[in-house]
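# Structural overview
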Amino acid sequence: MMKIGVLALQGAVAEHIRSLEAAGAEAVAVKRVEQLDELNGLVIPGGESTTIGKLMRKYGFMDAIAAFSAQGKPLFGTCAGLIVLADRIEGNEDAHLRLMDMTVARNAFGRQRESFETDLRVKGIDEPVRAVFIRAPLIKEVGPDVDVLSTYNNEIVTARQGHLLAVSYHPELTDDYSLHAYFLDMVKEAAASRA
Ligand SMILES: NC(=O)CC[C@H](N)C(=O)O
């Protein structure tokens, strides 16, 4: 069985663990870099990206996750986790892991629409995906290696670059496990190609 970690420094951790288990994976909360060695994939959850970034630096996760990614092990960033994966953040803010070739805007929906739910069409998933947006970021620009998997009002909200998956919403807050299942497929493929 594939073992997937959820970075547990801040944010929606338990919900991701539940969704990963429902999709058929073994899931664990990750608090120490040593745990990464035993994982096939890692989720970076939603929460507050500045806080997550600070704690990642403090506990040595920046280099450890970069090395994890360099082995081709998949990463899945949701909401704040998407911001953490991005190479560029609008507004002169320092980026964090800089793994995905994209520019993101934080809190991009403004006050009127701080949070809402909708059904999204996601490339590679047959049924519409239930998505909860909470003070969500948007992907403003992507490089040539990034595949856009879904848009909302013509703005990019789901993207994939090889073994890296990013969504601007919270798929873990619904009973729809299709994105976690999609990520689990990415993890299985990556593990098979490393074997
Ligand atoms: N729900 C979320 O993860 C929101 C992300 C948060 N607004 C940030 O910029 O980090």
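This structure is a prediction, so every number in the text was calculated from the model and none was measured.

A separate point is the overall build of the protein. The helix and strand tally for the protein stands at five helices and 12 strands. Computed over C-alpha atoms, the radius of gyration of the protein comes to 15 Å, within 12% of the 16 Å expected from 2.2 N^0.38 for 195 residues, which places it in the range of a compact globule. Taking all 195 residues of the protein together, the buried fraction comes to 53%. Total accessible area on the protein stands at roughly 8700 Å², and carbon and sulfur atoms take up 45% of it. With 21 positive and 27 negative side-chain charges, the protein shows a spacing of 4 Å between the two charge centroids.

Along strand 12 (residues 164-167), one buried face is formed by Leu164 and Ala166 and the opposite face, lined by Leu165 and Val167, is buried too. Across four bridges, strand 4 (residues 75-78) lies against strand 12 in parallel orientation. Each bridged residue has a counterpart across the sheet, and for Gly77 the counterpart in strand 12 is Ala166. One ladder, built from four bridges, connects strand 11 (residues 155-161) with strand 12; its direction is antiparallel. Bridging from a neighbouring strand, Ala159 pairs with Ala166 of strand 12. Counted between consecutive antiparallel strands, the loop separating strand 11 from strand 12 contains two residues, among which Gly162 sits at a positive phi close to 60 degrees.

Relative to the helices and strands, Lys123 resides in the loop between strand 7 (115-120) and strand 8 (129-134). In this structure the C-alpha to C-alpha distance between Lys123 and Thr151, which are 28 residues apart in sequence, comes to 10.0 Å. Sequence-distant contacts of Lys123, that is, excluding residues within four places in its chain, are made with Asp147, Val148, Leu149 and Tyr182. Only 2.9 Å separates the side chain of Lys123 from the side chain of Asp147, close enough to count as a polar contact.

So, on to the UniProt feature "binding site: L-glutamine" (unreviewed entry) in the protein. Under the present numbering, the feature "binding site: L-glutamine" (unreviewed entry) in UniProt falls on Gly47, Glu48, Ser49, Arg106, Ile134 and Arg135. Across 89 residues in sequence, these annotated residues keep their C-alpha atoms within 12.9 Å of one another, forming a single compact spot. Assignment of secondary structure puts Ser49 in helix 2 (residues 49-58). Taking relative accessible area as the criterion, Ser49 reaches 2% and is therefore assigned buried. If sequence neighbours within four positions are ignored, Ser49 has contacts with Ala80, Ile83, Val84, His96 and Arg106. Along the chain, Arg135 turns up in the loop between strand 8 and strand 9 (138-142). For Arg135, a relative accessible area of 45% gives the class partly exposed. Setting aside chain neighbours within four positions, we find Arg135 in contact with Asn107 and Glu114.

With respect to spatial proximity, the complete set of residues near the ligand consists of Gly46, Gly47, Glu48, Ser49, Cys79, Ala80, Ile83, Arg106, Asn107, Ile134, Arg135 and His170. Within the backbone of Ser49, an N or O atom sits 2.6 Å from an oxygen atom of the ligand. Between the ligand and Ala80, the relevant distance is 3.1 Å, taken from an oxygen atom to a main-chain nitrogen or oxygen of the residue. Protein coverage of the free-state accessible area of the ligand, which is 300 Å², stands at 94%. Of the residues in the shell around the ligand, the class split is four nonpolar, five polar and three charged.

A few words now on the UniProt feature "active site" (unreviewed entry) in the protein. Under the local residue numbering, the UniProt record ascribes the feature "active site" (unreviewed entry) to Cys79, His170 and Glu172. These annotated residues cover 94 residues of sequence, but their C-alpha atoms sit close together, with the largest distance between any two at 10.8 Å. Looking at where Cys79 falls in the secondary structure, it is placed in the loop between strand 4 and helix 4 (80-85). On the basis of relative accessibility, which here comes to 3%, the residue Cys79 falls in the buried class. Tracing the backbone through its elements, the reader meets Glu172 in the loop between strand 12 and helix 5 (178-194). The buried category is assigned to Glu172, whose relative accessible area is 0%. Excluding its chain neighbours within four sequence positions, the residues that come into contact with Glu172 are Ala12, Glu15, His16, Arg18, Ser19, Thr78 and His180.

Calculation rules
- Residues numbered from 1 in each chain as written.
- Predicted model: local features only at pLDDT ≥ 70, side-chain atom pairs only at ≥ 80, totals over all residues.
- Heavy atoms only, no water.
- Helix = DSSP H or I, 4+ residues; strand = E, 2+ residues; numbered from the N terminus.
- Rg over C-alpha atoms; globule rule 2.2 N^0.38 Å.
- Buried < 20%, exposed > 50% of the residue type's maximum accessible area, 1.4 Å probe, protein only.
- Areas by Shrake-Rupley, 256 points an atom, 1.4 Å probe, with all protein chains shown as cover.
- Lys, Arg positive; Asp, Glu negative; His and termini not counted.
- Charge placed at Lys NZ, Arg CZ, Asp CG, Glu CD.
- Pairing = 2+ DSSP bridges.
- Contact = heavy atoms within 4.5 Å.
- Polar contact = N/O pair within 3.5 Å; in protein donor to acceptor, adjacent residues only side chain to side chain.
- UniProt positions renumbered as here; feature names shortened; annotations may be inferred.
- Near = heavy atom within 4 Å.
- Nonpolar A, V, L, I, M, F, W, Y, C, P; charged D, E, K, R; others polar.

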